[in-house]
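# Report on the structure
Chain by chain, the residues:
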Amino acid sequence: MSGFKRPREAMASLTGMDIVSVEQFDEGMLRLVFDTASEMKRMVRTRKKSDLLRGHILANVFFEPSTRTMCSFDAAMKRLGGEVISVFESSSSSKKGESIEDTIRCLECYCDVLVLRHPEKGTAAKAAAASKKPLINAGDGVGEHPTQALLDLFTLFSNHPSTTDDLVLDGLNLLLLGDLKHGRTVHSLSLLTSKLSRPPRLTLVSPEVLRMPASVTDVLRSRGLKLEETAKLEEALPGADVLYVTRVQRERFASADEYDAVKGAYTIDAAIMRTAKSDMIVMHPLPRVDEISTDFDADPRAQYFDQMENGMYVRMALLALVLGADLSKL
């Protein structure tokens, strides 16, 4: 990523660190992660893989369905020469009543780093407290998804590279659209941008019942972020530089009626995007349902599949950093 250089003296060390929340990151750490992810991207495109983590084992522990996050962590470890063991809720001893703490204490006997996804908010923090090995939160219910936020921010900087070593986004209007109430990806991304000294302006677009929780917006405002909240996409879209779309999450609703009342509230398609800036980018954490029409996929502004590829590079960087790898060997 142009404009980023690893500091001569490490501004932040992630070695041995649990990654549970975006609140753990400062700008120095973000620069380190993004610079390392850029090196991983160059390495994969030239050499395909490295032996940087040869001899290390990752435990992928997923108590909730996942395609991209699970596979990208798996691919990230293997691209770096490591190995992976996978555990799913359906085959774990949690079915017998085992606590998450005991599950983690057992699994850490077999690995060097753990990645955990769980449907209950706060479980990642409990698991990390029980583990002697580094643990990475891959999403905990409606709580946080820190690695998704990191790959999202990396994608933003990749499309809007800085001309200095500073992380500069204060000239951008980032529009977050959809299920902002349940969407842990938008919770984490908005909070991560608030850690920047020059953050973007945020426009939050959602149905009234799916507004961003006050627990998030209160923090954002306390840190000086400029926020606008509305339900009208057609009014907000022309001024956006980045559009981040989320699906309405059926699995988070108490009843089918509640979900049916808000599903399909917004659809991004070729027609509505005629009103958007020609140089904007459109992102989505995926999976999508009907909130982005496939007729938009060929548009150069559609960055969601490049965004997913970036996830592998960011997770390669995180695994290498928490395991204390010698990055000079890349």
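The structure under discussion appears in the preceding block.
The residue numbering used here restarts from 1 in each chain and proceeds along that chain's sequence as written. In view of the model being predicted, local features appear only for residues whose pLDDT reaches at least 70, and side-chain atom pairs are presented and counted only at 80 or more, with totals across whole chains, interfaces and linings using the full set of residues. Hydrogens and water molecules were not included; the side-chain quantities draw on all heavy atoms of the structure.

### Some points on the environment of Arg211
Within the element layout of this structure, Arg211 appears in the loop between strand E6 (201-205) and helix H7 (214-222). Only protein chains enter the area calculation, which uses a 1.4 Å probe; residues under 20% of their type maximum are buried, those over 50% are exposed, and those in between are partly exposed. Residue class for Arg211 comes out partly exposed when judged on its relative accessible area of 35%. Note: C-alpha distance between Arg211 and Ala231 (20 residues apart in sequence) is 8.9 Å. Sequence-distant contacts of Arg211, defined by excluding residues within four places in its chain, comprise Leu180, Lys181, Ser206 and Glu229. Within the structure, Arg211 has its side chain in polar contact with the side chain of Glu229 (distance 3.1 Å). Runs of H or I in DSSP of at least four residues are treated as helices and runs of E of at least two as strands, each being numbered from the N terminus. Two residues qualify as a contact provided that any one of their heavy atoms is within 4.5 Å of a heavy atom in the partner residue. Whenever a nitrogen or oxygen atom comes within 3.5 Å of another N or O atom, the pair is scored as a polar contact, on the condition that within protein one atom can donate a hydrogen and the other can accept it, and that pairs from neighbouring residues in sequence are kept only if both atoms are in side chains.

### Quick notes on the sheet that holds strand E3 (residues 113-118)
One requirement defines pairing of two strands: DSSP has to find at least two bridges between them. Across the sheet, which stays open at both edges, the 4 strands sit in the order E2-E1-E3-E4 with parallel pairing between neighbours. At either margin of the open sheet sits one strand with a lone partner, and together these are strand E2 (83-88) and strand E4 (135-140). Mean inter-strand twist for the sheet, computed between neighbouring axes without regard to direction, equals 15°. Direction of pairing for strand E1 (residues 57-62) relative to E2: parallel, over a ladder of 6 bridges. Axis lines are fitted through C-alpha atoms, for helices just across the contact stretch, and the angle between N-to-C directions can take any value from 0 to 180 degrees.

### Details of the pattern of salt bridges
In the sections that follow, a salt bridge refers to a side-chain nitrogen of Lys or Arg positioned within 4 Å of a carboxyl oxygen of Asp or Glu. If you walk through the whole model with that rule in mind, you get 15 salt bridges. Here Glu208 ties to Arg211 by a salt bridge, and the two come within 3.2 Å at their closest N and O atoms. By relative accessible area, Glu208 is classed as exposed at 57%. A salt bridge links Arg221 to Glu229, with the nearest nitrogen and oxygen atoms 3.2 Å apart. Among the charged side chains, a network of salt bridges with common partners joins Glu208, Arg211, Arg221 and Glu229.

### Observations regarding the state of the cysteines
The criterion for a disulfide is a pair of cysteine sulfur atoms lying within 2.5 Å. A complete count under the given rule lists 0 disulfides for this structure. Free cysteine: Cys106, not disulfide-bonded; nearest cysteine sulfur from Cys109 at 6.2 Å.

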